[in-house]
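Descriptive structure summary
For reference, the chains in residue letters:
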Amino acid sequence: MSQQANSPLTVPLRFKGDKVVIITGASDGIGKAAVTHLVEMGAHVILACRSEDKAMKVMEEIRNKTANKDAMMQFIPLDLSDLESVRNFARKFLEKNLPIHALVCNAGVWEVERKKTKQQFENTYGINHLGHFLLVNLLLDKLKESAPSRIIILSSKIHSSGDAKELLSDPNYEKPSSYSGKQTYANSKLANLLFAYKLVRNLNEGSSIPQSGVSVIAMHPGVVNTQIFAGLLGSFSSIIGGLFFDTPEHASLSVVFHAVHPDQNGVTGFKYYEQWKEKKSIADSFNEKYQDDLWEMSVKHVGGLTL
Ligand SMILES: NC(=O)c1ccc[n+]([C@@H]2O[C@H](COP(=O)([O-])OP(=O)(O)OC[C@H]3O[C@@H](n4cnc5c(N)ncnc54)[C@H](OP(=O)(O)O)[C@@H]3O)[C@@H](O)[C@H]2O)c1
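Attention in this report is confined to the structure presented alongside it. Computed from a prediction, not measured in an experiment: that's the story for all the values here. (Residues numbered from 1 in each chain as written. Predicted model: local features only at pLDDT ≥ 70, side-chain atom pairs only at ≥ 80, totals over all residues. Heavy atoms only, no water.)

1. Here we look at the sheet that holds strand β8 (residues 277–278)
Spatially, the 8 strands line up as an open sheet ordered β3-β2-β1-β4-β5-β6-β7-β8, and their pairing is mixed. What marks the edges here is a single partner per strand, and that holds for β3 (72–77) and β8. Across 4 bridges, strand β6 (residues 214–220) lies against strand β7 (residues 271–274) in parallel orientation. Of the residues in β7, the one forming a bridge with Ala-218 is Tyr-272. Each of β1 (20–24), β4 (102–105), β5 (149–154), β6 and β7 touches helix α9 (residues 248–260); the most contacted strand, β5, lies at about 150 degrees to it. (Pairing = 2+ DSSP bridges. Helix = DSSP H or I, 4+ residues; strand = E, 2+ residues; numbered from the N terminus. Contact = heavy atoms within 4.5 Å. Axes fitted to C-alpha atoms, helices over the stretch in contact; angles between N-to-C directions.)

2. Considering the pattern of salt bridges
A complete count under the given rule lists 13 salt bridges for this structure. With its nearest N and O atoms 2.9 Å apart, the salt bridge here joins Lys-198 to Asp-292. You can see Lys-198 sitting in helix α6 (residues 181–203) and its partner Asp-292 sitting in helix α10 (residues 288–302), a full 94 residues away along the chain. With a relative accessible area of 13%, Lys-198 lands in the buried category. When salt bridges that share partners are traced, they join Lys-198, Arg-201, Glu-288 and Asp-292 into one network. (Salt bridge = Lys/Arg side-chain N within 4 Å of Asp/Glu carboxyl O. Buried < 20%, exposed > 50% of the residue type's maximum accessible area, 1.4 Å probe, protein only.)

3. Details of the pairing of β3
Note that strand β2 (residues 44–49) and β3 share 6 bridges and pair parallel. Residue Leu-47 lies in a different strand from β3, and its bridge partner there is Phe-75. With respect to chirality, the unit in which β2 leads through helix α2 (residues 52–65) into the neighbouring parallel β3 is right-handed. (Right-handed = clockwise from strand over helix to strand, strands pointing away.)

It is worth stressing that arrangement in space is one thing and function is another; only the former is reported here.
As structure tokens, then:
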């Protein structure tokens, strides 16, 4: 594994298949690169992807290049734009009777035009927030049972442009006459933080002392050269990205750090990192009324938190 000097992963981590990590959106970009590092370290990785074909190719590519001949990777289908698929993923995973040491909510979209999920939610809200909201809740008992465990939520620095009032009054972005992919994306990334912090409050059951052994870490992975900007920047995407952006290989090391590094054992409280550095997210993300309202609305939108 390329453990660059400007990351705290200077001491190689070694697991013996006993560290189980689920990564959503493991078929491309930061998620795919994170799987590669985790497999090198000997973790057991569950690739939660919408495309079986892409996931199989990623696993084959990693198997062909890894020094870990006992690489443990499993694909379970997950389409976050379909809440039934989220429930099916949870059922299939739970049938395996495996623990979860880290659940990495990584998959994400930045749309340039209005699109809807299977259940008719705006895609960015539906995939970036709602699908992950349901997934985490369905796996929460397993995460508690597997504690110490971690939930890593890929937010973004752009959450600072998120509009909490708009998110809560018009989550599907129906009122503005023209669609803004940037605004819906920023709103969804603020939703990620409101969700993460409410989860911390729930897990601690009102106490300042952690009650569950489940850590929740929200993070910005850097500005990274991936396909997420393809719709926005078109054919310039890879040229601009290659010149100015971080690589998925490097940026994903920060995701891996938060997911499995012992330095992050027992992390508690409202945690937001930009790569390896802890930062303060915007004031609105700490607003408990916004957190509660988003939670309540999300429960309704997913049709309850049961399988
Ligand atoms: N790149 C950046 O600069 C940047 C900055 C801040 C935050 N982030 C966040 O980092 C995360 C990863 O982004 P990335 O840059 O690696 O993007 P990416 O290269 O576009 O990869 C996105 C991943 O999400 C998956 N995905 C999309 N829709 C899905 C759905 N409905 N169900 C399941 N999986 C789905 C994609 O699957 P397919 O392979 O099938 O398309 C792909 O594996 C996102 O949450 C993003 O918001 C990225």
